[in-house]
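So the chains spell out like this:
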Amino acid sequence: MTVTGQYKNRGVCTFGNEDSLWEYFYAGDSNSKWGGVECTYDIKKSYIMYSG
């Protein structure tokens, strides 16, 4: 299910966290380059945050 709203990606790094900027998507939109995050060392996990 595709929901209109704001999304961002959060990477939980070995040292601290990295966040992408909030990106607004309309239903059916796609953007292959949104939400990139980089950790200085290792990344433990990554998850998507949504705000409607």
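Just so we're clear, the structure is a prediction, and the values are computed from it rather than from any experiment.

### A few points about the overall build of the protein chain
Helices and strands together make up the secondary structure of the protein chain, namely 0 helices and 4 strands. Per-residue burial over the protein chain gives 21% buried out of 52 residues. Long-range contacts, defined as pairs at least 24 residues apart, comprise 54% of the intrachain contacts of the protein chain with a sequence gap of at least 6. Entry remark: accessible area of the protein chain is about 4100 Å², with carbon and sulfur atoms responsible for 48%.

### Describing the environment of glycine 36
Along the chain, glycine 36 falls in the loop between β3 (23-25) and β4 (43-51). Judged by relative accessible area, which is 60%, glycine 36 ranks as exposed. Sequence separation of glycine 36 and serine 20 is 16 residues, and the distance between their C-alpha atoms is 6.1 Å.

### What about the side chain of lysine 8?
Within the secondary structure, lysine 8 sits in strand β1 (residues 5-13). Residue lysine 8 is classed as buried on the basis of its relative accessible area of 11%. Setting aside chain neighbours within four positions, we find lysine 8 in contact with Asp19, Ser20, Leu21, Trp22, Trp34, Tyr47, Ile48 and Met49.

### A short note on the packing of aromatic side chains
Ring pairs (aromatic) are described by centroid distance and by the angle formed between their planes. The final tally for this structure, using the stated rule, is 5 aromatic pairs. Pairing tyrosine 7 with tyrosine 50 gives two aromatic rings, centres 5.0 Å apart and planes at 50°, and the pair type is tilted. In this pair, tyrosine 7 sits in strand β1 while tyrosine 50 sits in strand β4, placing the two residues 43 residues apart along the sequence. A ring pair is formed by phenylalanine 15 and tyrosine 41, whose centres lie 5.4 Å apart and whose planes are at 70°; its orientation type is edge-to-face. Within this pair, whereas phenylalanine 15 is found in the loop between β1 and β2 (17-19), its partner tyrosine 41 is found in the loop between β3 and β4, the two being separated by 26 residues in sequence. Residues phenylalanine 15 and tyrosine 41 agree in their burial class; the two are exposed. What links up through ring pairs into an aromatic cluster is the set Tyr7, Phe25, Trp34 and Tyr50.

The rules behind each value
Residues numbered from 1 in each chain as written. Predicted model: local features only at pLDDT ≥ 70, side-chain atom pairs only at ≥ 80, totals over all residues. Heavy atoms only, no water. Helix = DSSP H or I, 4+ residues; strand = E, 2+ residues; numbered from the N terminus. Buried < 20%, exposed > 50% of the residue type's maximum accessible area, 1.4 Å probe, protein only. Contact = heavy atoms within 4.5 Å. Areas by Shrake-Rupley, 256 points an atom, 1.4 Å probe, with all protein chains shown as cover. Phe/Tyr/Trp six-rings, centres within 6.5 Å; stacked < 30°, edge-to-face > 60°.

These figures come from the coordinates and say nothing about function on their own.
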